[in-house]
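Report on the structure
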Amino acid sequence: DSIIWLSLVCGLTSAVGGGIYFMQAESLPQINHNAWSAFPLTGITAIGLAVPLTAARGHVQTLMVLLAGINACWVFISGSRGGMLISLVCLVYLLFQVRGRVRTQSLLLSVPLIAGLLFTAFAEQNTAALYRINKLFDSERGLESRTSGRSDIALAGYELFKQNPLGVGTGGFGPAFSQ
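This report concerns the structure included in the present document. Since the model is a prediction, treat every value here as computed from it, not as a measurement.

Conventions used here
Residues numbered from 1 in each chain as written. Predicted model: local features only at pLDDT ≥ 70, side-chain atom pairs only at ≥ 80, totals over all residues. Heavy atoms only, no water. Helix = DSSP H or I, 4+ residues; strand = E, 2+ residues; numbered from the N terminus. Buried < 20%, exposed > 50% of the residue type's maximum accessible area, 1.4 Å probe, protein only. Areas by Shrake-Rupley, 256 points an atom, 1.4 Å probe, with all protein chains shown as cover. Patch = residues over 30% accessible without salt bridge, like charges linked within 9 Å, V, L, I, M, F, W, Y side chains within 5 Å. Salt bridge = Lys/Arg side-chain N within 4 Å of Asp/Glu carboxyl O. Core = buried A, V, L, I, M, F, W, Y, C linked by side-chain atoms within 4.5 Å. Contact = heavy atoms within 4.5 Å.

Turning to the overall build of the protein, a few remarks are in order. Looking only at helices and strands, one finds 10 helices and 0 strands in the protein. Looking at the protein as a whole, 38% of its 179 residues qualify as buried. In the form shown here, the protein has an accessible surface area of approximately 10,800 Å², with 67% of it arising from carbon and sulfur atoms.

Together, L85, L88, V89, V92, L95, F96 and L108 make up an exposed nonpolar region whose accessible area comes to about 690 Å². The element that contributes the greatest number of residues to the nonpolar patch is helix α5 (residues 81-97), accounting for 6 residues. Checked against the element boundaries, L85 lands in helix α5. We classify L85 as exposed; its relative accessible area is 55%.

Within the largest apolar cluster, 13 residues are counted, with the highest numbers of intra-cluster contacts made by I47, V51 and M64. Of all elements in the fold, only α1 (2-24), α3 (38-50) and α4 (58-78) reach the threshold of two or more residues within this core. Ranked by residue count, the leading element in this core is α4, at 4 residues. Excluding anything up to four places from it in sequence, I47 contacts S7, G11, M64, L67, A68 and L94. Grouped together as the second largest cluster of nonpolar side chains are 11 residues, Y21, W74, M84 and F122 included.

Take the pattern of salt bridges next. It is possible for side chains bearing opposite charge to pair when their charged atoms get close. Under the definition given, this model contains 2 salt bridges. Between D1 and R57 there is a salt bridge, and its shortest N-O distance comes to 2.7 Å. Taken together, the residues D1 in the segment before α1 and R57 in the loop between α3 and α4 connect sequence positions 56 residues apart. Residue E159 pairs with K162 through a salt bridge whose shortest N-O separation is 3.5 Å. Linking E159 with K162, this pair stays in helix α9 (residues 150-163), spanning 3 residues, or about one helical turn.

Here it is in structure tokens:
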């Protein structure tokens, strides 16, 4: 029961907190969208831990999946593409954990409805998130531009690993990367 309560508290806190954040985002200092997306991702992950334990409690399981859907919307609106991928994997996992055909069908109908409402209410942030996704698949841009430079870091990491399979030591990435 304690894991179920912990998941409900995390899921509800991040769902409500995400709404409060986006309602006031323009008046708050800028925060990195990748870092901010960890807040709703925590709610989704906590819910993922408890949903299998709630199979006999239909209403609790339904509430948890709806909270996960709201949190997934906050992750999407944040514009963090890595966060979007993680939340999508979590939602697919939750879909397979939900028991009962009627419950599954009701969730498959209600989560997109909630998402539509939230995306409409936060249209400006939604547009920015869609721009970031479109940027990833824009073939006219270079790979570095599409991945915000992460492709170069991944390639350098692979090359460093090939040269030093045991690593370069604490603080050694910078000098090894520059070579």
